[in-house]
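Single-letter residue listing:
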Amino acid sequence: MGSKMNLKSVVIVVIAMLLISSFPVTNVCRHSSISPILIKEKTAHSYSLPPPKKVDIPLEIAIARRKSVREFNETPISDEILSTILWAAYGYINDEKRTIHGIEGYAAKIYVLKEDAVYFYDPVNHSLVFYKEGDYRRRVAQYEAPIQLGIVWNKNKSSNENYVTAEIGQIGQNIYFMANALGLGAVTTVGFTLSAIGLPSNEIPKIIMPLGYPKCPYNFTYKPMLLSNLPPVKNSTMSLSDAIYNRSETTTWKGEINEQEISQLLWAAYGFSYYIDNCITEKNKIVRHRTIPSAHAYYPLKIYAVTKDGVYRYVAGLYRYYMWNLPVLHSLVKIRRGDYRKEIADASSMPSISSAPLILISVLDIRMTKGMIGLWDDFSGEEFRWLWYYEAGASAYNVLLEATAWNLSANIAFPVDSQAILNVLLLNQNFLPLLIVPVGE
Ligand SMILES: Cc1cc2nc3c(=O)[nH]c(=O)nc-3n(C[C@H](O)[C@H](O)[C@H](O)COP(=O)(O)O)c2cc1C
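Starting from 1, residues in each chain are numbered consecutively following that chain's sequence as written. Under the rules for a predicted model, residues below a pLDDT of 70 receive no local features and side-chain atom pairs below 80 are neither given nor counted, while totals for whole chains, interfaces and linings still include all residues. Neither water nor hydrogens contribute to the side-chain values; these are computed over all heavy atoms in the structure.

(A) How the structure looks around the packing of aromatic side chains. Any two rings among Phe, Tyr and Trp, with Trp reduced to its six-membered ring, count as a pair given centres within 6.5 Å; such a pair is stacked if its planes are under 30 degrees apart, edge-to-face if over 60, and tilted if neither. The full count for this structure, using the stated rule, is 19 aromatic pairs. Both rings, one in Y47 and one in Y119, keep their centres 5.8 Å apart while their planes meet at 85°; by these two values the pair is edge-to-face. In this pair, Y47 is assigned in strand β1 (residues 47–48) and Y119 in strand β3 (residues 117–122), connecting sequence segments 72 residues apart. For Y47, a relative accessible area of 22% translates into the label partly exposed. Relative to W388, the ring of F379 lies with its centre 6.4 Å away and its plane at 50°, an arrangement referred to as tilted. Classification of residues uses two cut-offs on accessible area relative to the type maximum, computed with a 1.4 Å probe and protein chains only: under 20% is buried, over 50% is exposed, and between them is partly exposed. On the basis of relative accessibility, which here comes to 0%, the residue W388 falls in the buried class. Ring-pair connections join several aromatic residues into one group, and the members of that group are Y218, F220, Y222, W267, Y274 and Y275. Two thresholds decide whether a charge sits over a ring: the Lys NZ or Arg CZ must be within 6 Å of the ring centre and within 35 degrees of the ring normal. Of note, R98 hangs over the ring of Y90, and the distance from its end group to the ring centre comes to 4.3 Å. Stacked on the ring of Y119, the Lys or Arg K114 has its end atom at 5.8 Å from the ring centre. Helix numbers and strand numbers start at the N terminus; a helix is a DSSP run of H or I with at least 4 residues, a strand a run of E with at least 2.

(B) Representation of empty space enclosed by the protein. Only protein atoms enter the 1 Å grid used here, on which a cavity is any set of points holding a 1.4 Å probe that cannot leave and a pocket is any open set flanked by protein within 12 Å on both sides along at least five of seven lines; residues with an atom within 4 Å of a point are listed as lining. Grid points are joined across faces, edges and corners, and a volume is the space filled by probe spheres set on the points. In this structure the tally under the stated criterion is three cavities of 30 Å³ or more. Estimates place the volume of the second largest cavity at around 100 Å³. Taken together, K67, S68, V69, R70, E71, P214, K215, C216, C279, T281, K283 and N284 make up the lining of the second largest cavity. Partitioned by chemical class, the residues of the lining of the second largest cavity number four nonpolar, three polar and five charged. Residue ranges assigned to each domain were obtained from an automatic or database domain assignment. Both domain 1 (66–212) and domain 2 (220–440) contribute no fewer than three residues apiece to the lining of the second largest cavity. Three categories are distinguished: nonpolar for Ala, Val, Leu, Ile, Met, Phe, Trp, Tyr, Cys and Pro, charged for Asp, Glu, Lys and Arg, and polar for the others, with Gly belonging to the last.

(C) Representation of the packing of helix α5 (residues 79–90) against helix α7 (residues 161–181) within the structure. Axis definition: a line fitted to C-alpha atoms, limited for helices to the stretch in contact. Angles are taken between N-to-C directions and run from 0 to 180 degrees. For the pair α5 and α7, the least separation of the axes is 8 Å and the interaxial angle reads 150°. As summarised for this structure, α5 and α7 are arranged roughly antiparallel, according to the angle between their axes. Read as a crossing pair, α5 and α7 show a hand that is right-handed. On the side of α5, the interface is formed by T84, I85, A88, A89 and Y90, while α7 contributes E167, I171, N174, I175, M178 and A179. Residues that form the contact of α5 with α7 fall into these classes: eight nonpolar, two polar and one charged. Angles below 35 degrees are treated as roughly parallel, those above 145 as roughly antiparallel, those between 65 and 115 as roughly perpendicular, and all remaining angles as oblique. Handedness of a helix crossing follows the sense of rotation of the near helix relative to the far helix, less than a right angle counterclockwise being left-handed and clockwise being right-handed. The criterion used for residue contact is that any of the two residues' heavy atoms lie within 4.5 Å.

(D) A look at the sheet that holds strand β10 (residues 227–228). Strand pairing is assigned whenever DSSP detects at least two bridges linking the two strands. Strands sit in the order β10-β14-β13-β12-β15-β17-β16 across an open sheet of seven strands; the sheet is mixed. In this open sheet, the two strands that pair with only one neighbour each are β10 and β16 (409–410). Looking at chain direction, strand β12 (residues 301–306) and strand β15 (residues 358–365) are connected through six bridges and run antiparallel. The residue of β15 that forms the bridge with V306 is I359. Sitting on the sheet, helix α11 (residues 385–405) touches β12, β15, β16 and β17 (431–440), and the angle it makes with β17 is about 10°.

(E) Representation of the pattern of salt bridges in the model. Salt-bridge detection follows one rule: a side-chain nitrogen of Lys or Arg within 4 Å of a carboxyl oxygen of Asp or Glu. For the structure shown, the criterion picks out 18 salt bridges. We note a salt bridge from E249 to R247, for which the minimum N-O separation is 2.6 Å. Among the residues examined, E249 registers a relative accessible area of 31% and is labelled partly exposed. Here E282 and K285 are joined by a salt bridge, their closest N and O atoms 3.7 Å apart. Like E282, the residue K285 is exposed in the burial classification. Several salt bridges share partner residues, and in doing so they unite K54, D56 and D242 into one network.

(F) Structural view of the packing of helix α9 (residues 259–270) against α11. Where α9 meets α11, the closest approach of the two axes is 7 Å, and the angle between their N-to-C directions is 150°. Taken together, α9 and α11 sit at an angle that is classed as roughly antiparallel. At the point where α9 passes α11, the crossing takes the right-handed sense. Residues Q264, L265, A268, A269 and Y270 of α9 form the contact with α11, whose own contacting residues are E391, S395, N398, V399, E402 and A403.

(G) Looking closely at the side chain of S263. Tracing the sequence through the fold places S263 in helix α9. Setting aside chain neighbours within four positions, we find S263 in contact with L230, P231, P232, V233 and H330.

(H) The arrangement of helix α12 (residues 418–425) in detail. Buried within α12 we find I421, L422, V424 and L425. For α12, the angular spread of buried residues about the axis comes to 160°, placing them on one side. Its buried side turned inward, α12 meets β12, β13 (310–315), β14 (329–337), α10 (341–346), β15 and β17. Phi for L426, located one or two positions after α12, is positive at around 60°. This arc describes the spread of directions from the helix axis toward the C-beta atoms.

Here you go:
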């Protein structure tokens, strides 16, 4: 009986081997050093994410709750939560439209570092693609967390580091917003260490965002700005998910813009939260956060507003240095009279913005990136410019969402003649215009 079974097994194995050797070898196997067995293992690890959750928190509350979280507990993150955050960060709304504005043709990619392995997010299939086995989280992270999100610049898609980072700034905003709306937290950190996962040569690590549930739960008190010549910021009826889903962009505008709308848009661009943060820890000493993060909290941008009546500068604090930048203001200061929208439009990548009732311009004050008399790092060199484009992208994205919530439509344009823009804003060579955001009906 036993010898009969053995003979039968041998016959089956021989037939199977003959069959396998007669199958044509696919191109993949011919040209790749990866064995078919390895491919099978990788496919087994990749998996589809569940549909993202709808988050009902009003957009302004999500923006006002934005803060950097650096200490996390060990509560695991469900696939549904991860799905919602990744979709907001870089997913698709429909076949053509994505959750963020593609400044550089969507030249970013998000790696997801989990306990078991490294994956990357595939926005088309809304899935996690297996990349590498092993726990790399501690090797790359400044702050330990259940998940590390690593965002890279794909040089094959764009050679413009600054504009790609402006795109990543938008991704970062949606990670902050969705994470905090779902009770989690994150922080933007500089991501060079991501190279430890072994990136392809065309991918340059830029940002790492640890993601998890905060050790110190969110705890805010509503305390709006003391001094303001702009109407107080109101909450709209639009939820965070709806604002992301319905992001409204146009290249033609009409009509006027009112004071309340200007107030909302400037606040979203660079204002201080109307909340006081009661959760002060060793790693978070900021009592009143701003609507976007900033490397070393330098906050070196100035937001200019150009309307048919004149050129204005948004003032959101009392003094230039960060620790003395008392967050009690939400104001607009007139720089000059007259309608300069055509001059700005002609100096931009989108001449049609001359019809927009409001044009916001983020301008880098290079002096504010030097650090304080040797006490802080000097980030004023060209090689650090991308840090400030991250911030400008984050600010522009907030305006796109806020415009949507107020039934307005916006866009993102670039300076093509920076000197002409500086001339209109009465600024010298210490300043550099980064992005232009037209808004209106
Ligand atoms: C481009 C960029 C890089 C940053 N890098 C780091 C970092 O490496 N480590 C860190 O702890 N925070 C980093 N931050 C976060 C800032 O320190 C933080 O936004 C700032 O202190 C303000 O605090 P808040 O975000 O809690 O309001 C970075 C922020 C940006 C925008």
